[in-house]
Amino acid sequence: MFHPAVRDTKHVELDIALLELVEPIAQSQGLEIVRVRLMGGTQRRRLQIMAERPEDHDISVEQCARLSRGVSEVFDAADPIAGEYLLEVSSPGIDRPLTRPQDFDTWDGFEARLETDRMIEGRKRFRGHLAGIEGENIAIDLEGEDDTALIPFDWLVDAKLVMNDDLMKAGADRRAALMDQPGTDPMTEAED
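Being a predicted model, the structure only gives us computed values, none of them experimental. (Residues numbered from 1 in each chain as written. Predicted model: local features only at pLDDT ≥ 70, side-chain atom pairs only at ≥ 80, totals over all residues. Heavy atoms only, no water.)

## Regarding the overall build of the protein
In step 1: Counting secondary structure elements, the protein contains 4 helices and 8 strands.
In step 2: Per-residue burial over the protein gives 42% buried out of 192 residues.
In step 3: Pairs at least 24 residues apart make up 56% of the contacts formed inside the protein by residues separated by at least 6 positions.
In step 4: In the form shown here, the protein has an accessible surface area of approximately 10,600 Å², with 48% of it arising from carbon and sulfur atoms. (Helix = DSSP H or I, 4+ residues; strand = E, 2+ residues; numbered from the N terminus. Buried < 20%, exposed > 50% of the residue type's maximum accessible area, 1.4 Å probe, protein only. Contact = heavy atoms within 4.5 Å. Areas by Shrake-Rupley, 256 points an atom, 1.4 Å probe, with all protein chains shown as cover.)

## A look at the nonpolar core
In step 1: Membership of the largest hydrophobic core comes to 20 residues, with the highest contact counts inside it found for L98, F104, L114, L130, L156 and L161.
In step 2: Elements supplying a minimum of two residues to this core: β4 (111–120), β5 (123–134), β6 (137–142), β7 (148–152), β8 (156–161) and α4 (165–180).
In step 3: When near neighbours in sequence (up to four residues on either side) are disregarded, L130 contacts L98, F104, W107, D108, G109, F110, A112, I138, A139, I140 and L161. (Core = buried A, V, L, I, M, F, W, Y, C linked by side-chain atoms within 4.5 Å.)

## Description of the pattern of salt bridges
In step 1: The final tally for this structure, using the stated rule, is 13 salt bridges.
In step 2: Close ionic contact of R46 with E88 constitutes a salt bridge, the shortest N to O distance being 2.8 Å. Of this pair, R46 sits in strand β2 (residues 45–52) while E88 sits in strand β3 (residues 85–90), and the two are 42 residues apart along the sequence.
In step 3: Judged by its relative accessible area of 28%, R46 is partly exposed. (Salt bridge = Lys/Arg side-chain N within 4 Å of Asp/Glu carboxyl O.)

## Thoughts on the packing of helix α1 (residues 12–28) against helix α2 (residues 61–78)
In step 1: Following both chains from N to C, one finds α1 and α2 inclined at 135°, their axes separated by 10 Å at the closest point. Taken together, the axes of α1 and α2 lie oblique to each other. Crossing angle aside, the handedness with which α1 passes α2 is right-handed. Contacts between α1 and α2 pair L18, L21, V22, I25 and A26 from the former with L67, G70, V71, V74, F75 and A78 from the latter. (Axes fitted to C-alpha atoms, helices over the stretch in contact; angles between N-to-C directions. Parallel < 35°, antiparallel > 145°, perpendicular 65-115°, else oblique. Left-handed = near helix turned anticlockwise from the far one by under 90°.)

## Remarks on the environment of A78
In step 1: Along the chain, A78 falls in helix α2.
In step 2: C-alpha separation for the pair A78 and L21, spaced 57 residues apart in sequence, amounts to 8.9 Å.

## Let's talk about the environment of D15
In step 1: Along the chain, D15 falls in helix α1.
In step 2: What makes D15 buried here is its relative accessible area of 0%.
In step 3: Linking D15 and L47, residues 32 residues apart in sequence, is a C-alpha distance of 9.2 Å.
In step 4: At a separation of 3.2 Å, a polar atom in the side chain of D15 contacts the main-chain amide nitrogen of L38. (Polar contact = N/O pair within 3.5 Å; in protein donor to acceptor, adjacent residues only side chain to side chain.)

## What about α2?
In step 1: Helix length check: α2 (18 residues) gives 25 Å between terminal C-alpha atoms against 26 Å at 1.5 Å per residue, within 8%.
In step 2: Burial in α2 covers these residues: Q63, C64, R66, L67, G70, V71 and F75. Viewed along the axis of α2, the buried residues span an arc of 165°, placing them on a single side of the element. Projecting away from the buried face of α2 at angles above 90 degrees are the exposed residues V61, E73, D76 and A77.
In step 3: Structurally, α2 contributes buried residues whose contacts are with α1, β1 (32–39), β2 and β3. (Expected span 1.5 Å × (residues − 1). Arc of directions from axis to C-beta.)

Right under this line is the structure:
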């Protein structure tokens, strides 16, 4: 079974198994998993979990800590990873990975880099402005091209927003809007 939250990793089967353990914990806390990835060899491994609130695509430090504690409890009992590893729970960041079809609609108009697992018209890497989803394809307006390119979602091995002024401004605007909401502080949230 393929899952986009683990699409760009060498250890797909293990990462899917880890995702299946992590996802219910995140959902119970009102979060969505963006990516799960076990990185490193046999030593100094790191389990990276990126999560966010679906309503604003952000996560507080307290929510990261709460998710980390929940994952640790489950992993202590299930022991899905042999040996030692560092658990890292974080926001996807402003130049976030795009791992789910809805990400390409959410970030429509922003610049992104895509990489495929096969050649498309002589290349595997693409950069341009996202133009949403068309069926099972990612639509992207490539630099120097007149037509919108359609790239099959299943062919992607990596996709990420490009850090630029437009993305930074959108992030600042989103944080400012959250700060303006009564009773909301996106930097800290009371723990349940």
